[in-house]
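One-letter residues, chain by chain:
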Amino acid sequence: MPLAELHTPLLVAGFVTAAVVAVYLSFVSAPYGRHARAGWGPTVPASLGWLGMEAPAAVLPLVMVAFGERRDVVTFVLLALWELHYAHRAFVYPWTVRGGRLPVTVAAFGAAFNVFNGWLNFGWLTALGPARSLDWLLDPRFLVGAALFGVGFVVNRQSDAILRSLRAPGETGYKIPHGGLYRWVSCPNYLGEAITWAGWALATWSLPGLFFFLFTLANLLPRARSHHADYRRRFPDYPPERRAMVPYLV
Ligand code: NDP
């Protein structure tokens, strides 16, 4: 069966998997960072793990656009948005992580997801979805989506930078972060990530984009709740008004 015919069934399977992952991660925290624990197999230095996990998300869409049949301006603009996030995440972020190790299983699952997700999104954008004229770049769905993408990108980067500033080189351990959206939530980096992919879903107006947004929520909302509970356990003076990921709500 040609890959194109597998796109819809695999997309449906992706939505089902997102629901399963949301339930699973509500009971079992992914075993890395502050939730790392024995029993998840061999580990690699975190920088290497992040690079291996995220590089497919940066490289595969580039290859798909370069060799795809649809190389118009709209596709290039959407690719540029994607790479704004993933070129940094794959090739810069790993070298900013301060120490730590990542289980190979987590990195392998992340890499497999990134291949699947990159193929779903760019298979649709470069071949299976509708070709779009330049008018799409003035469509309110694109404009609002691109603005949200930008807001999410800034919030995610600013929040990750605040976390990074909490440790001196070689230091481990956790402190209470302050500044930016930490005033309202424990994990504004995850909130920024979710806003980014909500923007992507709107700007592409596509089911693969919606899938990525929902999967991000399925992954990061339970993890934000685990982080939040961990902060409260560690720090009796943790700001009581902070929520886990969404101000005033969750
Ligand atoms: P975390 O917030 O758990 O950790 C980010 C970094 O900051 C880690 O190096 C961590 O160290 C350190 N850190 C966290 N809290 C503190 C603290 N209180 N004091 C000192 N250092 C701290 O994020 P993740 O590692 O889960 O994710 C990293 C990035 O990747 C985020 O931007 C996230 O949005 C993105 N991501 C996106 C996903 C998606 O589904 N699209 C999935 C997963 C991540 P340590 O590792 O030792 O805890």
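Residue numbers restart at each chain and count upward from 1, following the sequence in its written direction. Residue-level local features of this predicted model are given only where pLDDT is at least 70; pairs of side-chain atoms are given and counted only at 80 or more, and the full residue set underlies all totals for whole chains, interfaces and linings. Note that the side-chain values use all heavy atoms of the structure and ignore hydrogens as well as water.

Chemist: Can you walk me through the overall build of the protein in this structure?
Modeler: Only DSSP runs of H or I reaching four residues or more are called helices, and only runs of E reaching two or more are called strands; each is numbered from the N terminus. In terms of regular secondary structure, the protein is built from seven helices and two strands. N-terminal to C-terminal, the α/β element order of the protein is α-β-α-α-β-α-α-α-α. Within these notes, the globule rule equals 2.2 Å times the number of residues to the 0.38 power, and the radius of gyration is based on C-alpha atoms. For 250 residues, the compact-globule estimate of 2.2 N^0.38 gives 18 Å, and the C-alpha radius of gyration of the protein, at 18 Å, lies within 12% of that figure. C-alpha atoms of the protein, sized along the principal axes, occupy 55 × 40 × 35 Å. In this description, contact between two residues means that some pair of their heavy atoms is separated by no more than 4.5 Å. Nonlocal contacts in the protein, meaning residues at least 24 apart in sequence, comprise 81% of its contacts between residues at least 6 apart. Areas reported here follow the Shrake-Rupley algorithm with a probe of radius 1.4 Å; residue values treat only the protein chains shown as occluding. For the protein, the exposed surface amounts to about 12,200 Å²; the carbon and sulfur share of it is 70%. Charged side chains of the protein number 21 positive and 13 negative; the gap between the two group centres comes to 10 Å. Positive: Lys, Arg. Negative: Asp, Glu. His and the chain ends are not part of the count. Charged groups are reduced to one reference atom each: NZ for lysine, CZ for arginine, CG for aspartic acid, CD for glutamic acid.

Chemist: What is the right way to look at the environment of Leu51 in this model?
Modeler: With respect to the element layout, Leu51 can be found in helix H2 (residues 46-67). With a relative accessible area of 23%, Leu51 lands in the partly exposed category. Considering only alpha carbons, one finds Leu51 and Ala147, 96 residues apart in sequence, at a separation of 28 Å. In contact with Leu51, not counting residues within four places along its chain, are Ala90, Phe91, Pro94 and Trp95. Burial here depends on accessible area, computed with a 1.4 Å probe over protein chains only, as a share of the maximum for the residue type. Under 20% is buried, over 50% is exposed, and the range in between is partly exposed.

Chemist: Help me out: how do you make sense of the packing of helix H1 (residues 3-27) against helix H7 (residues 207-234) in this one?
Modeler: How two helices sit against one another is set out by the angle between their axes and by the gap between those axes. Only C-alpha atoms enter the line fits that serve as axes; for helices the fit covers just the stretch in contact. Angles between N-to-C directions range over 0 to 180 degrees. Following both chains from N to C, one finds H1 and H7 inclined at 15°, their axes separated by 8 Å at the closest point. The angle between H1 and H7 falls in the class roughly parallel. Crossing of H1 over H7 shows left-handed handedness. For the pair H1 and H7, the contacting residues are His7, Leu11, Gly14, Phe15, Thr17, Ala18, Val21, Ala22, Leu25 and Ser26 in the first and Leu207, Pro208, Leu210, Phe211, Leu214, Phe215, Ala218, Asn219 and Pro222 in the second. Working rule for angles: under 35 degrees goes down as roughly parallel, over 145 as roughly antiparallel, 65 to 115 as roughly perpendicular, anything else as oblique. Two helices that cross are described as forming a left-handed crossing if the nearer one is turned anticlockwise from the farther one by less than a right angle, and a right-handed crossing if clockwise.

Chemist: I tried to follow unusual backbone geometry on my own but got confused; where do I start?
Modeler: Most peptide bonds take the trans configuration, and most residues that are not glycine carry a negative phi. Notably, Trp205 is not glycine yet its phi reads approximately 45°, a positive angle. Residue position: Trp205 is located in the loop between helix H6 (188-204) and H7. Taking relative accessible area as the criterion, Trp205 reaches 46% and is therefore assigned partly exposed. At Tyr248, a residue that is not glycine, the phi angle is positive and equals roughly 65°. For Tyr248, a relative accessible area of 66% gives the class exposed.

Chemist: Is there a simple way to explain the site of the ligand in this structure?
Modeler: Distances are taken per atom, and a residue is near a molecule or strand as soon as one of its heavy atoms is within 4 Å of it. The local shell around the ligand holds 24 residues, among which Tyr32, Asp160, Tyr174, Tyr190 and His227 are the closest. Distance and chemistry together define a polar contact, namely a pair of N or O atoms within 3.5 Å, with one atom able to donate a hydrogen and the other to accept it when in protein, and with adjacent residues in sequence counting only for side-chain atoms on both sides. The side chain of Glu193 places a nitrogen or oxygen atom 2.9 Å from an oxygen atom of the ligand. One nitrogen or oxygen atom from the side chain of His227 is found 2.7 Å from an oxygen atom belonging to the ligand. The biggest single contributor to the shell around the ligand is H7, with six residues.

Chemist: Honestly, the nonpolar core in this entry has me stumped. Any pointers?
Modeler: Within soluble globular proteins, side chains that are nonpolar tend to cluster in buried spots. Remark: nonpolar core denotes a set of buried residues (Ala, Val, Leu, Ile, Met, Phe, Trp, Tyr, Cys) joined through side-chain atoms within 4.5 Å. Core analysis: the largest hydrophobic core is formed by 32 residues, its most contacted members being Leu78, Trp82, Tyr86, Phe122, Trp197 and Trp200. At the level of elements, H1, H2, helix H3 (73-91), helix H4 (104-128), helix H5 (140-164), H6 and H7 are the ones that each hand at least two residues to this core. Here this core gets seven residues from one element, more than from any other, and that element is H3. Those residues within four positions of Trp200 in sequence are excluded, and the remaining contacts are Leu78, Leu81, Trp82, Asn121, Phe122, Leu125, Phe149, Trp205 and Gly209. Counting residues in each nonpolar core, the second largest holds 17 residues, with Met53, Ala107, Ala224 and Ala244 among its members.

Chemist: Any chance you could explain the pattern of salt bridges here in plain terms?
Modeler: Side chains that differ in sign of charge can pair as their charged atoms come close. One speaks of a salt bridge when a side-chain nitrogen belonging to Lys or Arg is within 4 Å of a carboxyl oxygen belonging to Asp or Glu. Throughout the structure, instances matching the rule amount to seven salt bridges. Arg234 is the salt-bridge partner of Asp230, the closest N and O atoms lying 2.7 Å from each other. Residue Asp230 and its partner Arg234 are located together in helix H7, separated by four residues, close to a single helical turn. Salt bridges sharing partners connect three or more residues here, namely Arg34, Asp230, Arg233 and Arg234.

Chemist: Looking at this structure, how should I read empty space enclosed by the protein?
Modeler: Once rolled over the atoms, a probe with the size of a water molecule shows which space is left empty. Buried and open spaces are told apart on a 1 Å grid over the protein atoms alone, a cavity being a set of points where a 1.4 Å probe fits but cannot get out and a pocket being an open set with protein on both sides within 12 Å along at least five of seven lines. Residues with an atom within 4 Å of a point are the lining residues. Grid points are joined across faces, edges and corners, and a volume is the space filled by probe spheres set on the points. Within the structure shown, the criterion is met by two cavities of 30 Å³ or more. Quantified by volume, the largest cavity comes out at close to 70 Å³. If you list the elements that add at least two residues to the lining of the largest cavity, you get H3 and H4. Examining the composition of the lining of the largest cavity, we find that three residues originate from one element, H3, more than from any other. Polarity classes work like this: nonpolar for Ala, Val, Leu, Ile, Met, Phe, Trp, Tyr, Cys and Pro, charged for Asp, Glu, Lys and Arg, and polar for all others, with Gly in that last group. Among the residues forming the lining of the largest cavity, the class breakdown is six nonpolar, one polar and three charged. Quantified by volume, the second largest cavity comes out at close to 30 Å³. Leu25, Ser29, Ala30, Asn219, Pro222, Arg223 and Ser226 together form the lining of the second largest cavity. In terms of residue count, H7 provides more of the lining of the second largest cavity than any other element does, four residues in total. Looking at the lining of the second largest cavity residue by residue, the class counts come to three nonpolar, three polar and one charged.

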